[in-house]
Amino acid sequence: MKPQSPTLKILTILSSLLFLAALAMVFLYAPLEETMNYVQKVFYFHIATAWVGMLGFMAAAVAGVVYLVRHDRKWDLLEMAAIEISLVFFLITIILGSIWARPVWNTWWTWDPRLTTAAIVELVYLACLLLRQGIDDPERRARFSAVYTLVGSLSVPIAFLSIRLFRTIHPVVIGTNTASNLGAFNMTPPMLATMFFCLFTFSVVFATLLWHRVRLEQLNVAIEERQMEIL
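Keep in mind it's a predicted model, so treat the numbers as computed, not measured.

Asks: Please clarify how the side chain of Arg141 should be interpreted in this entry.
Replies: Tracing the backbone through its elements, the reader meets Arg141 in helix 5 (residues 138–152). Buried charged residue Arg141 carries no salt bridge. Nearest counter-charge: Asp76, at 5.6 Å. Those residues in contact with Arg141 that sit more than four places away from it in its chain are Arg73, Arg132, Ile135 and Asp136.

Okay, here's the thing in structure tokens:
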């Protein structure tokens with residue numbers, strides 16, 4: 001296994017610094033929203049983790065397509081790493097959304113189209129990991145995962161567009177909010193700057209975690225191959 005590259009080390013440090021800067025912007029720079037007060041601060045991380053989760057799921061679909069074309073196992077490793085990390089980020093999205101919803105909607109959860117489709121996305125990709133464990137042959141497992149991920153990726157744009165396709169109380173973050181969007185608010189320039197900085201920060205964090213996860217899986221593969229040689 002190759003030692004950790006200087007680029008990855010720098011990226012890891014950069015991710016940590018950006019995350020600290022994002023925290024500072026959320027709690028010190030972005031103004032307090034008049035109606036929701038401090039609970040609105042959850043919004044910045046809620047949006048950023050949702051963005052990263054959806055980005056990762058779509059990246060996994062691309063990796064799956066490349067695997068089906070090239071049959072190179074490294075793309076299968078990349079695909080699974082992206083799904084695992086995105087599942088964590090998307091779960092955080094759902095949890096933060098519930099924290100925000102409790103004081104605003106007076107409930108932790110409601111079967112709103114956005115919430116429902118987000119839960120479906122999480123379950124779709126969780127099922128992929130579970131079903132994958134039941135296939136012993138590496139090539140067959142990788143092929144199944146690639147096809148499943150490609151089909152499952154259709155759930156991602158549906159979840160993203162649900163607040164525009166269906167009647168929902170979930171606020172429209174980018175675009176025009178209507179009176180039915182409970183908790184909607186107009187963002188000031190500092191709020192917008194903070195939101196986009198958080199999007200950038202979490203994108204870098206995702207790339208860093210993805211690189212680390214792929215390296216770890218490559219190590220696991222190398223160990224498995226070494227064990228097979230010994231046996």
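Structure's up, so let's keep going.
Asks: Explanation requested: the side chain of Arg114 in the structure shown.
Replies: When you line up the elements, Arg114 lands in helix 4 (residues 113–132). Asp112 provides the closest opposite charge to the buried, salt-bridge-free Arg114, at an N-O distance of 6.5 Å. Setting aside residues up to four positions removed in sequence, Arg114 forms contacts with Ala159, Phe160, Ser162, Ile163 and His170.

Asks: Is there a simple way to think about the packing of helix 2 (residues 42–70) against helix 7 (residues 189–230) in this case?
Replies: Geometrically, a packed helix pair is captured by the angle between its two axes and the distance between the axes. Taken N-terminus to C-terminus, the directions of helix 2 and helix 7 make an angle of 40°; their axes are 9 Å apart at the nearest point. As summarised for this structure, helix 2 and helix 7 are arranged oblique, according to the angle between their axes. Crossing angle aside, the handedness with which helix 2 passes helix 7 is right-handed. On helix 7, the residues touching Phe43, Tyr44, Phe45, Ile47, Ala48, Thr49, Trp51, Val52 and Gly56 of helix 2 are Met191, Thr194, Met195, Cys198, Leu199, Phe202, Ser203 and Phe206. A breakdown of the residues in the contact of helix 2 with helix 7 according to their chemical character gives 13 nonpolar, 4 polar and no charged.

Asks: Sorry, what's going on with unusual backbone geometry here?
Replies: As a rule of thumb, non-glycine residues mostly have phi less than zero, and peptide bonds are mostly trans rather than cis. Phi angles above zero are rare outside glycine, and His71 is one such case at about 55°. The phi angle at Asn106 is positive, at roughly 65°, despite the residue not being glycine. Tracing the chain through its elements places Asn106 in the loop between helix 3 (73–105) and helix 4.

Asks: Looking at this model, I keep getting lost on the pattern of salt bridges. Mind explaining?
Replies: Where side chains of opposite charge bring their charged atoms close, a pairing between them can arise. This structure, assessed with the given rule, holds 4 salt bridges. Between Glu84 and Arg213 there is a salt bridge whose closest N-O contact spans 2.6 Å. Within this pair, whereas Glu84 is found in helix 3, its partner Arg213 is found in helix 7, the two being separated by 129 residues in sequence. Linking Glu217 and Arg213 is a salt bridge whose minimum nitrogen-to-oxygen distance equals 3.2 Å. With Glu217 and Arg213 both in helix 7, this residue pair falls 4 residues apart, about one helical turn. Judged by relative accessible area, Glu217 falls into the partly exposed class, the value being 22%. Here the salt bridges share partners, and the residues they tie into one network are Glu84, Arg213 and Glu217.

Asks: I tried to follow the packing of helix 2 against helix 6 (residues 155–165) on my own but got confused; where do I start?
Replies: The N-to-C vectors of helix 2 and helix 6 enclose an angle of 155°; their axes lie 10 Å apart at closest approach. Relative to helix 6, the element helix 2 is oriented roughly antiparallel. Classified by chirality, the crossing of helix 6 by helix 2 is left-handed. Note on element contacts: helix 6 touches helix 2 through Val156, Ala159 and Phe160, opposite Met54, Phe57 and Met58. Here the residues of the contact of helix 2 with helix 6 sort into 6 nonpolar, no polar and no charged.

Asks: What is the right way to look at the nonpolar core in this model?
Replies: Soluble globular proteins tend to pack their nonpolar side chains together in the buried interior. Residues Tyr44 and Ile83 are the most contacted members of the largest nonpolar core, which totals 45 residues. Looking at this core, the elements that each hand over two or more residues are helix 1 (6–29), helix 2, helix 3, helix 4, helix 6 and helix 7. Here this core gets 12 residues from one element, more than from any other, and that element is helix 3. Apart from the residues within four sequence positions on either side, Tyr44 is in contact with Val26, Ala30, Met191, Thr194, Met195 and Cys198.

Cut-offs applied
Residues numbered from 1 in each chain as written. Predicted model: local features only at pLDDT ≥ 70, side-chain atom pairs only at ≥ 80, totals over all residues. Heavy atoms only, no water. Helix = DSSP H or I, 4+ residues; strand = E, 2+ residues; numbered from the N terminus. Buried < 20%, exposed > 50% of the residue type's maximum accessible area, 1.4 Å probe, protein only. Lys, Arg positive; Asp, Glu negative; His and termini not counted. Salt bridge = Lys/Arg side-chain N within 4 Å of Asp/Glu carboxyl O. Contact = heavy atoms within 4.5 Å. Axes fitted to C-alpha atoms, helices over the stretch in contact; angles between N-to-C directions. Parallel < 35°, antiparallel > 145°, perpendicular 65-115°, else oblique. Left-handed = near helix turned anticlockwise from the far one by under 90°. Nonpolar A, V, L, I, M, F, W, Y, C, P; charged D, E, K, R; others polar. Core = buried A, V, L, I, M, F, W, Y, C linked by side-chain atoms within 4.5 Å.

No statement about biological role is implied by the geometric values presented.
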